[in-house]
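# Report on the structure
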Amino acid sequence: MTFFAEERAVSPVLGGILMFGLAMSLLILTQVSVVPAANQQLEFEHNQGVQKDFERFGSSTTRVAGSGATETVDVDLGVRYPNRFFLVNPGPASGSLSTDAATFAIENVTSTTPETAEYYDSLGNDVTYQTTRLVYDPTYRQYANAPRTFYENGVVFNEYDGDVTLVTSRTPIVSDGDITLVLFDGNVQEQTTGTTSLTLQAASAPAKRIAVTDDGEPITLRIATLVPESDWQEYADGESAVTLHTYVDADADPRTPNEVVLRLDDTRDYTLRVARVTLNGNAITDLPAYVTTVGSYASSVPANTSMTYTAEVRDAQNNPISGGEVTATIDGPAKFSNGNKAINASVDEDGRASVTVTGNTDALGTITVDVGRDSDADDDLSDEDGHKYVTYSFELVTTDVTKVERDADIGNVINPGNATAGDLSLESVGADQVQFKNLGTVPKSIEQVRVNFVKADGQGSAPVYQVTSVDLTALRVAGTSTGGSFDTQYATTFTVGGNYESITNGPVVVGDGEYVTFALEFDGAKQDELSPGDFYVISIRFADGTSATYFAGVV
């Protein structure tokens with residue numbers, strides 16, 4: 001019996017080995033080519049997401065600067081790769097988030113508000129602000145030429161080995177005469193494979209708009225920047241008030257900032273808004289920079305009348321600072337609501353504090369009120385306190401006859417108006433004229449005139465003018481308030497606070513029911529005229545030996 005070798009199982013075994021080898025080859029090929037490509041795509045998509053996170057961060061910064069509300073933004077710093085069956089993935093890739101210091105300077109700037117202008121003048125009209133730049137630096141496994149992403153002065157951009165590409169359009173720093181700056185404080189140094197949360201809080205916001213102008217030289221903006229010159233030039237070309245003056249390239253590490261200098265049109269005025277936003281509570285402590293007045297106030301009030309003054313404490317960004325107290329002091333015949341000449345007042349959430357001043361009964365004189373921060377704690381507001389206080393001034397006046405006679409010696413009747421007594425009554429007061437009417441049935445003969453006092457400051461709306469003399473340039477006598485013509489033969493000059501002066505070519509006779517109008521020039525006042533709210537006291541002596549005094553307020 002003959003036996004043969006069994007060979008039926010050889011082909012299946014060889015086939016299985018070949019199939020296993022092919023599967024392993026495909027697996028290896030997938031591991032070395034497909035997996036890296038898939039991970040590179042995943043990293044690219046992650047990087048696009050980080051750029052979106054930065055855009056959201058920029059939008060949140062703008063909102064916080066405008067509203068003062070706190071916001072939180074998540075930034076996904078690292079990337080994790082999905083599990084792949086039978087394949088090997090690298091560990092999660094991390095990314096770093098950091099901050100770089102930067103500066104923003106405004107030069108040749110002053111303000112139309114006196115206290116703000118005084119503060120800027122103390123800085124030499126050049127203000128330098130500290131700000132921060134946010135940087136994301138990825139450490140990917142496959143996406144080797146991934147960019148670093150930056151947030152700087154409201155714009156997000158990518159940097160590829162020195163080449164910069166803007167992700168968002170540049171936020172206008174100057175637009176239609178409005179200079180807007182959002183300063184960003186923070187100190188972040190973080191590297192992780194996960195997500196980090198950035199909390200944005202208002203350190204000095206909402207931003208307050210103030211009027212500014214140049215100090216004789218064009219307003220200049222000097223900015224530390226990584227954005228290339230071409231993008232700044234494009235911005236300047238699109239804004240008529242802005243000229244790209246210089247651009248200094250640092251030619252160093254890509255993270256070393258360059259300097260761009262923008263010059264503004266000096267034929268117009270501007271408004272300025274500066275806000276400061278802090279990252280994760282790392283804020284620069286803002287101290288009071290200056291104190292300014294709120295509203296306008298009368299320059300004169302009757303005795304025993306109260307006046308409330310409101311001052312606002314501001315920081316270096318011109319925004320109100322809440323909390324703390326201000327000190328107020330009085331020089332003159334008046335007192336505060338506590339009955340004393342000094343008082344402390346709390347600063348409210350709007351950065352404002354108010355004090356109420358009451359003039360003493362039957363008092364005359366100038367009252368000076370200082371309100372501000374007593375920086376050196378010496379219970380006195382002075383130049384040592386810098387610009388942290390504001391001064392108010394007003395005049396106490398009275399219509400009390402006895403008081404006027406005793407302190408001013410200005411006559412025995414004030415603003416008479418008795419027809420039975422045949423008075424010459426005050427009818428109207430203008431900027432350069434005053435009119436009287438004879439209420440009696442017999443003529444009144446005006447022999448002498450005296451100007452006792454002139455207050456010319458438009459109730460605080462203009463500088464205080466020192467009127468030293470008043471010129472009667474002409475007068476008219478007529479049967480109606482608007483009739484007749486002016487006669488210059490009676491021109492006479494009166495020294496303010498001086499003696500009675502006889503009217504040239506007088507006396508002036510005013511018949512019963514007639515009007516007499518004086519044309520006056522106030523030497524030393526603006527355009528030799530008074531303004532609404534100004535007043536003066538004038539006395540007239542008649543031929544019959546009587547006299548009258550008139551309190552003439554310009555309306």
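Residues numbered from 1 in each chain as written. Predicted model: local features only at pLDDT ≥ 70, side-chain atom pairs only at ≥ 80, totals over all residues. Heavy atoms only, no water.

## Some thoughts on the overall build of the protein chain
Scanning the protein chain from terminus to terminus reveals 4 helices and 35 strands. Across the 555 residues of the protein chain, 45% fall into the buried class. Of the contacts made within the protein chain by residues no fewer than 6 positions apart, 70% connect residues no fewer than 24 positions apart. Approximately 26200 Å² of the protein chain is accessible, and the part contributed by carbon and sulfur atoms is 48%. (Helix = DSSP H or I, 4+ residues; strand = E, 2+ residues; numbered from the N terminus. Buried < 20%, exposed > 50% of the residue type's maximum accessible area, 1.4 Å probe, protein only. Contact = heavy atoms within 4.5 Å. Areas by Shrake-Rupley, 256 points an atom, 1.4 Å probe, with all protein chains shown as cover.)

## Considerations on a negative patch on the surface
Taken together, E118, D121, D126, D215, E217 and D266 make up a surface patch of like negative charges. Counting through the fold element by element, D266 comes out in the loop between β15 (258-264) and β16 (270-279). Of the residues examined, D266 reaches a relative accessible area of 43% and is grouped as partly exposed. (Patch = residues over 30% accessible without salt bridge, like charges linked within 9 Å, V, L, I, M, F, W, Y side chains within 5 Å. Salt bridge = Lys/Arg side-chain N within 4 Å of Asp/Glu carboxyl O. Lys, Arg positive; Asp, Glu negative; His and termini not counted. Charge placed at Lys NZ, Arg CZ, Asp CG, Glu CD.)

## Overview of the confidence of the model for the protein chain
On average, residues of the protein chain carry a pLDDT of 83, and 82% of them reach 70 or more. Element-level mean pLDDT values for the protein chain span from 36 in helix α4 (residues 401-408) up to 95 in strand β32 (residues 508-510). Note on residues 398-412: pLDDT is under 50 here. Beyond four places in sequence and across chains, it has 30 contacts. (pLDDT = per-residue confidence, 0-100.)

## Remarks on unusual backbone geometry
The omega torsion of the bond from A205 to P206 falls at 0°, within 30 degrees of zero and hence cis. Residue placement: P206 occurs in the loop between β11 (195-204) and β12 (210-214). Note the cis peptide between G506 and P507, where omega equals 5°. With respect to the helices and strands, the residue P507 is situated in the loop between β31 (501-502) and β32. Positive phi outside glycine occurs at N108, with the angle close to 60°. Locating N108 in the fold gives a position in the loop between β2 (95-107) and β3 (109-111). Look at N108 and you get buried, because its relative accessible area is 19%. Despite not being glycine, N153 shows a phi value in the positive range, around 50°. Here N153 shows up in the loop between β5 (148-152) and β6 (155-160).

## Overview of the pattern of salt bridges
Taken as a whole and judged by the stated rule, the model has 13 salt bridges. Between E107 and R222 there is a salt bridge, and its shortest N-O distance comes to 2.8 Å. One end of the pair, E107, is in strand β2; the other, R222, is in strand β13 (residues 220-225), and 115 residues separate them in sequence. Looking at E107, the relative accessible area reads 16%, which means it is buried. The class for R222 is partly exposed, based on a relative accessible area of 29%. One network of salt bridges, with partners in common, ties together K208, E312, R314 and R352.

## Re the nonpolar core
Y120, V174, L221, W232 and L262 are the most contacted members of the largest nonpolar core, which has 38 residues in total. With sequence-adjacent residues up to four places away left out, Y120 is seen in contact with V109, T110, S111, N125, V127, Y129, I210, V212, L272 and N318. Core analysis: the next-biggest nonpolar cluster, separate from the first, contains 32 residues, I446, V470, Y490 and V510 among them. (Core = buried A, V, L, I, M, F, W, Y, C linked by side-chain atoms within 4.5 Å.)

## What to know about the sheet that holds strand β21 (residues 334-336)
With respect to topology, 4 strands assemble into an open sheet ordered β17-β19-β23-β21, the strand pairing being antiparallel. Whereas interior strands pair on both sides, the edge strands pair on one side only; in this sheet they are β17 (290-293) and β21. Here the average twist between neighbouring strands, direction ignored, is 35°. Two elements, β17 and strand β19 (residues 306-314), share 4 bridges in a ladder whose sense is antiparallel. Residue pairing for β19: T293 is matched across the bridge by A311. Of the strands in this sheet, β17 and β19 touch helix α2 (residues 114-122), which is tilted by about 160° from β17. (Pairing = 2+ DSSP bridges. Axes fitted to C-alpha atoms, helices over the stretch in contact; angles between N-to-C directions.)

## Regarding the sheet that holds strand β30 (residues 492-495)
Pairing is antiparallel across the open sheet formed by 5 strands, whose spatial order is β26-β27-β33-β29-β30. Pairing within the sheet leaves two strands with one partner each, and these edge strands are β26 (424-429) and β30. Here the strands of the sheet are splayed against their neighbours by 30° on average, with no regard to which way each runs. Bridge count between β26 and strand β27 (residues 433-438): 5 bridges; the pairing is antiparallel. Its bridge partner lying in β27, S425 is registered against K437.

## Re the packing of aromatic side chains
When we look at a pair of aromatic rings, we describe it by the centre distance and by the angle of the planes. Under the counting rule described, the total for this entry stands at 14 aromatic pairs. Ring geometry for F150 against F157: centres 5.1 Å apart, planes inclined by 10°, an arrangement best described as stacked. Residue F150 shares its accessibility class with F157, and that shared class is buried. Both rings, one in F453 and one in F535, keep their centres 5.8 Å apart while their planes meet at 35°; by these two values the pair is tilted. Taken together, the residues span a long stretch of sequence, with F453 in strand β28 (residues 444-455) and F535 in strand β34 (residues 535-542) at a distance of 82 residues. (Phe/Tyr/Trp six-rings, centres within 6.5 Å; stacked < 30°, edge-to-face > 60°.)

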